Amino acid sequence: MLRRTAVSLIVVLALAASACGGGQPETCDEVAAETVKLMQELIDDVEKEFGDASVEELLASGGDLPSVERYEEDSEKIDERAAELGCTSAEIQSGVAARADQLEADTPIGQFLIEAMRDGGL
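Residues numbered from 1 in each chain as written. Predicted model: local features only at pLDDT ≥ 70, side-chain atom pairs only at ≥ 80, totals over all residues. Heavy atoms only, no water.

Q: So what exactly am I meant to see when it comes to the overall build of the protein chain here?
A: For the protein chain, the count of helices and strands is six helices and zero strands. From first element to last, N terminus to C terminus, the protein chain shows the α and β order α-α-α-α-α-α. When each of the 122 residues of the protein chain is scored for burial, the buried share is 32%. At a minimum sequence separation of 6, the contacts of the protein chain that also span at least 24 residues come to 75%. If you sum the accessible surface of the protein chain, you get close to 8100 Å²; carbon and sulfur atoms cover 54% of it. (Helix = DSSP H or I, 4+ residues; strand = E, 2+ residues; numbered from the N terminus. Buried < 20%, exposed > 50% of the residue type's maximum accessible area, 1.4 Å probe, protein only. Contact = heavy atoms within 4.5 Å. Areas by Shrake-Rupley, 256 points an atom, 1.4 Å probe, with all protein chains shown as cover.)

Q: I'm lost on the layout of surface pockets in this one. Help?
A: Left-over empty space is what a probe sized like a water molecule reveals as it rolls over the atoms. Of the volumes computed, that of the largest pocket is approximately 520 Å³. What lines the largest pocket is a set of 23 residues, among which Thr 35, Met 39, Ile 92, Gln 93 and Val 96 lie closest to the centre. Among the elements of the structure, α2 (28-50), α4 (66-85), α5 (89-99) and α6 (108-118) are those that each provide at least two residues to the lining of the largest pocket. Here the lining of the largest pocket is composed, by residue class, of 15 nonpolar, six polar and two charged. One number sums up the size of the second largest pocket: a volume of about 340 Å³. (1 Å grid on protein atoms, 1.4 Å probe; cavity = no way out; pocket = protein on both sides within 12 Å on 5 of 7 lines; lining within 4 Å. Points joined across faces, edges and corners; volume = space filled by probe spheres on them. Nonpolar A, V, L, I, M, F, W, Y, C, P; charged D, E, K, R; others polar.)

Q: Even after reading the chapter, I still don't get the state of the cysteines, so can you show me in this structure?
A: Each disulfide consists of a covalent bond between the sulfur atoms of two cysteine residues. One pass over the full model with this rule turns up one disulfide. Across a sulfur-sulfur distance of 2.1 Å, Cys 28 and Cys 87 are joined as a disulfide pair. One disulfide, between Cys 28 and Cys 87, carries an S-S torsion of -100° and so falls in the left-handed class. In this pair, Cys 28 sits in helix α2 while Cys 87 sits in the loop between α4 and α5, placing the two residues 59 residues apart along the sequence. Neither Cys 28 nor Cys 87 differs from the other in exposure class; each is buried. (Disulfide = S-S within 2.5 Å.)

Q: Help me understand the pattern of salt bridges, please; the structure alone is not making it clear to me.
A: Close approach of charged atoms allows side chains of opposite charge to pair. Applying the stated criterion across every chain, the model contains four salt bridges. Arg 81 serves as the salt-bridge partner of Glu 26, at 3.6 Å between the closest nitrogen and oxygen. Taken together, the positions of Glu 26 in the loop between α1 (2-20) and α2 and Arg 81 in helix α4 put the pair 55 residues apart, joining distant regions of the chain. For Glu 26, a relative accessible area of 53% translates into the label exposed. Linking Arg 81 and Glu 84 is a salt bridge whose minimum nitrogen-to-oxygen distance equals 2.8 Å. A residue pair is termed a helical-turn pair when its members lie 3 or 4 positions apart in one helix, as Arg 81 and Glu 84 do in helix α4 at three residues. Relative accessible area serves as the criterion here: at 56%, Glu 84 is assigned to the exposed category. Beyond isolated ion pairs, a larger network of salt bridges with shared partners links Glu 26, Arg 81 and Glu 84. (Salt bridge = Lys/Arg side-chain N within 4 Å of Asp/Glu carboxyl O.)

Q: Would you take a moment to explain α4 for this structure?
A: Side chains three or four residues apart in an α-helix point the same way, a direct result of the helix having 3.6 residues per turn. Taking 1.5 Å of rise per residue, 20 residues should cover 28 Å, and α4 covers 29 Å from first to last C-alpha, within 8% of that figure. The set of residues buried in α4 consists of Ser 67, Val 68, Tyr 71, Ile 78, Arg 81 and Ala 82. Down the axis of α4, the buried side of the element spans an arc of 135°, and every buried residue falls inside it. Set apart from the buried face of α4 by more than 90 degrees, the exposed residues are Lys 77, Ala 83 and Glu 84. Taken together, the buried residues of α4 touch α2 and α5. Of the residues trailing α4, Gly 86 is marked for its positive phi of about 80°. (Expected span 1.5 Å × (residues − 1). Arc of directions from axis to C-beta.)

In structure tokens form, the structure reads like this:
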């Protein structure tokens, strides 16, 4: 009996996990939310890679970082999905701008990236 209950619990948890994650955005608003999530991942990754380095050191690197490469690849996928859904640049920019206050950073480099994103530079 206990074994059957454990198996049932595992099946329920697996179904819940598959329903909650990994799916593609279905609306332009969801595309904007994914874009902000991707931006936060970039900020977190660059902060890990650079630690307490200065913004000048980041700029001197020329952007040749694994995190930037992943960001560009993932950004292309999001752009493709936005095009499939018929989202306009204005819709995505508006959705991202509405969520920009969700972005967080712990270092000057992270703050620099947030400002660049808010200004449309990334």
